[in-house]
Amino acid sequence: MPEPFANEPVLEVRRADVRGQFEDALRRVDDELPVQVPVRIGEDARTGDDLPSTDPGSPQRVVASAAVATGAEVDAAVAEAGRGLAQWRAVSAADRARALRAAAAWMRQRRLELAALEVRECAKPWPEADADVCEAIDFLEYYARAAVSLGQGRELLQIPGERNEMHYAPRGVVAVISPWNFPLAIPCGMTSAALAAGNAVVLKPAEQSPALAYVLVRALRAGGVPAEALSLLPGEGEAGAALVRHPGIHAIAFTGSLPVGREIVRAAAEPSAGQRHFKQVVAEMGGKNCVIVAADADLDEAVPAIVASAFAYAGQKCSAASRVLVHQAIADQFLERLAGAVRVLVVGQADDLETDVPPVIERDARDRVARYRELAARDGTIAAEAAAPGGDGWFAPATIVSDLSEGSPVLDEEIFGPLLAVQRVRDVEHACDVVDGLAFALTGGVFARDPALVRRVRQRTPVGNLYVNRGITGAMVGRQPFGGNRLSGTGLKAGGPDYLLQFVEQRAVSENTMRHGLVM
Ligand SMILES: NC(=O)c1ccc[n+]([C@@H]2O[C@H](COP(=O)([O-])OP(=O)(O)OC[C@H]3O[C@@H](n4cnc5c(N)ncnc54)[C@H](O)[C@@H]3O)[C@@H](O)[C@H]2O)c1
């Protein structure tokens, strides 16, 4: 029996020796670029260079060169997974758990290099990159333990003359479709959960981060997951869409934007000819995450926590704060302090330890943020900004906008960049009305001293993850099971006790144990 689950400790970035280790790891990683990422189906690997991934801070640096999966390769990967399923589902839960934990050990040994690859491929600043690697390790360790517990089935009511059992069987072949913003942890969480429950997986990672998805596949293979049970299909949306439609897919685990999630839910709903099952869809999508600041809030606590929640990783976390609802009585004071804190943020390269706000992931993202900033200037007042440096890289300024007119898209749409809207509200009840009016319900926060106000927000908020008197990002596996409601998500919480249930079907067996007389 392994020791109880504990989160992987992050490195202390302030220590000089740790900083030195980061620099050494970055040099080693740079020497090996570009990473060749193949289409990997079972033991077969086909390399290609149709899909380059580049450093957002230095777009001329090619980090990975990936092959793009064709339609025929999607079919071949699903067929291979069918063969892998027969093999992998026969492995005991304890042995599957051992493979996942061995993959975690593989990552632990290479954690500096993996973090360095995140700095390059996704412009994750060091602390964020290190935390992402730790979260990937946490998912492997947590779901390994969950697999063993699930393997024991559940107790049912027993009466004389009858034996009742309920056990969990894998669903089959799972398509995992992942985003780039947690380039190791999110594909790792979805893939390891599906594998833990005995499914085979075909992974279609984000086009912006194929190198990190390949790391995950190598870790799981090294841990002992058979080649047939895990294939990798790098490519753009088209490869994902082909997987979703494929009749050989039994479940889809998707994390990404609402428009793509909506399309996946729709495409998966109708069984195609010959398909004898409905596809299970687990879709985790975006948010418009609000932080409520009550009149009695401690601003020494609220201001730095809100700045970190809105601007760390340039606001590119699904959980990031994007709208503050502040009581009108303290709004001017709050805005002045928030503006002061934002003006001193350093927008810069991810590998520079002084950087607070790195570049955004790609040109389209920079242009999207610029469009919303223009809307913000049109519909409201730019209260403060930290300017983007010149030169290469997809930099966007860190910006606060206040006093937006009602109906401005900046208030309701997910921007996914370093732009925070501040809105005055009459009181906490008014703030809750605003939150309740949104279609998204992913994360939220409240800063208040009065416990009655906190209780009221807890009662009224529809969000999946509410944070009280703290930042609203950085959910930890096992401590803050994560996932949204409404149009933010359809699934059970990742990193929580129920997540694996989405990757199994329940089977109940009831046996008559009465003696019916001797059969001659
Ligand atoms: N709720 C969560 O847990 C969570 C976590 C991280 C990110 N997100 C969300 O993810 C988004 C950012 O990630 P992104 O830009 O990679 O999202 P995205 O939706 O653009 O892409 C996600 C994945 O879907 C694939 N894809 C694109 N079109 C497809 C199609 N038609 N069919 C199937 N697959 C398709 C992409 O290639 C990629 O692998 C944000 O909206 C963010 O809020 C949510």
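See above for the structure.
Below or above, wherever it landed, is the structure these notes cover. (Residues numbered from 1 in each chain as written. Predicted model: local features only at pLDDT ≥ 70, side-chain atom pairs only at ≥ 80, totals over all residues. Heavy atoms only, no water.)

### A word on the overall build of the protein
Which entries qualify depends on this criterion: A run of DSSP states H or I qualifies as a helix once it reaches four residues; a run of E qualifies as a strand once it reaches two. Both are numbered from the N-terminal end. Throughout, the radius of gyration refers to the C-alpha atoms, and the reference size of a globule is 2.2 Å times the residue count to the power 0.38. Computed by Shrake-Rupley with a 1.4 Å probe, the accessible areas treat only the displayed protein chains as cover when residues are assessed. For this count, His and the chain ends are skipped, Lys and Arg are scored as positive, and Asp and Glu as negative. Where a charge lies is defined by one atom per residue type, namely NZ (Lys), CZ (Arg), CG (Asp) and CD (Glu).
Along the protein, the regular secondary structure elements total 15 helices and 21 strands. At 24 Å, the protein has a C-alpha radius of gyration in line with the 24 Å of a compact globule built from 520 residues. The C-alpha extent of the protein, read off along each of the three principal axes, is 90 × 55 × 50 Å. Just so you have it, the protein exposes about 21600 Å², and 50% of that area is on carbon and sulfur atoms. For the protein, the centre of its 54 positive side-chain charges and the centre of its 67 negative side-chain charges are spaced 4 Å apart.

### Considerations on the sheet that holds strand 13 (residues 321-327)
To keep it simple, the criterion reads: Strand pairing is assigned whenever DSSP detects at least two bridges linking the two strands. Here an axis means a line fitted to C-alpha atoms, over the contact stretch when the element is a helix, while the angle between two N-to-C directions is reported on a 0 to 180 degree scale. Two residues qualify as a contact provided that any one of their heavy atoms is within 4.5 Å of a heavy atom in the partner residue.
Strand order in the open sheet made by the 7 strands is 14-15-16-13-12-18-19, with mixed pairing throughout. For this open sheet the edge positions go to strand 14 (381-386) and strand 19 (465-468), each flanked by a neighbour on one side alone. The mean inter-strand angle of the sheet, taken between neighbouring strand axes irrespective of direction, is 20°. Across the sheet, helix 12 (residues 363-379) touches strand 14, strand 15 (398-402) and strand 16 (419-425), and the angle it forms with strand 14 is around 140°. Each of strand 12 (289-293), strand 13 and strand 16 touches helix 14 (residues 428-436); the most contacted strand, strand 12, lies at about 175° to it.

### Points about the nonpolar core
Formally: The term nonpolar core refers to a set of buried residues drawn from Ala, Val, Leu, Ile, Met, Phe, Trp, Tyr and Cys, joined through side-chain atoms within 4.5 Å. Each residue gets one of three labels from its accessible area relative to the maximum for its type: buried under 20%, exposed over 50%, partly exposed in between, using a 1.4 Å probe on protein chains only.
One finds M107, I252, V293, I306, F311 and F334 to be the most contacted residues of the largest nonpolar core, which totals 155 residues. Tallying contributions element by element places helix 5 (residues 126-151) first for this core, with 12 residues.

### A word on the sheet that holds strand 1 (residues 35-37)
Reading across the sheet, the 3 strands line up as 1-5-4 and stay open at both edges, with mixed pairing between neighbours. Each edge of the sheet is formed by a strand with only one pairing partner; in this case those strands are strand 1 and strand 4 (51-55). Between one strand and the next, the sheet's axes are offset by a mean angle of 40°, whatever the strand orientation. Direction of pairing for strand 4 relative to strand 5 (residues 58-66): antiparallel, over a ladder of 5 bridges. When the bridges of strand 5 are listed, D55 appears paired with S58. Taken strand by strand, helix 7 (residues 210-223) contacts strand 1, strand 4 and strand 5, and its axis lies near 70° from that of strand 1.

### Observations regarding the site of the ligand
Spelled out, the test is: If a single non-hydrogen atom of a residue is within 4 Å of a molecule or strand, that residue counts as near it. Pairs of N or O atoms are called polar contacts if they sit within 3.5 Å, as long as, within protein, a hydrogen donor faces a hydrogen acceptor (for residues adjacent in sequence, only side-chain-to-side-chain pairs). Residues are grouped as follows: Ala, Val, Leu, Ile, Met, Phe, Trp, Tyr, Cys and Pro are nonpolar; Asp, Glu, Lys and Arg are charged; all remaining types, including Gly, are polar.
Taken together, 29 residues form the shell around the ligand, and within it K204, E207, S257, M285 and E414 come nearest. E207 is positioned with one of its side-chain polar atoms (N or O) 2.7 Å from an oxygen atom of the ligand. One nitrogen or oxygen atom from the main chain of M285 is found 2.7 Å from a nitrogen atom belonging to the ligand. Coverage of the ligand by the protein amounts to 88% of the 860 Å² it exposes when considered alone. Where the shell around the ligand is concerned, the elements lending two or more residues are helix 8 (237-245), strand 10 (251-255) and helix 9 (258-269). For the shell around the ligand, a count of residues per class yields 15 nonpolar, 8 polar and 6 charged.

### What about the pairing of strand 19?
Using the following cut-off: The definition of a right-handed crossover adopted here requires that, viewed with the strands pointing away, the path from the first strand over the helix to the second runs clockwise.
Every second residue of strand 19 is oriented toward a common face, the buried set being N465 and Y467 and the non-buried set L466 and V468. Note: strand 18 (residues 443-447) against strand 19, 4 bridges, orientation parallel. Within the sheet, the bridge partner assigned to V446 lies in strand 19 and is V468. Crossover strand 18 to strand 19 through helix 15 (residues 451-460) is right-handed.

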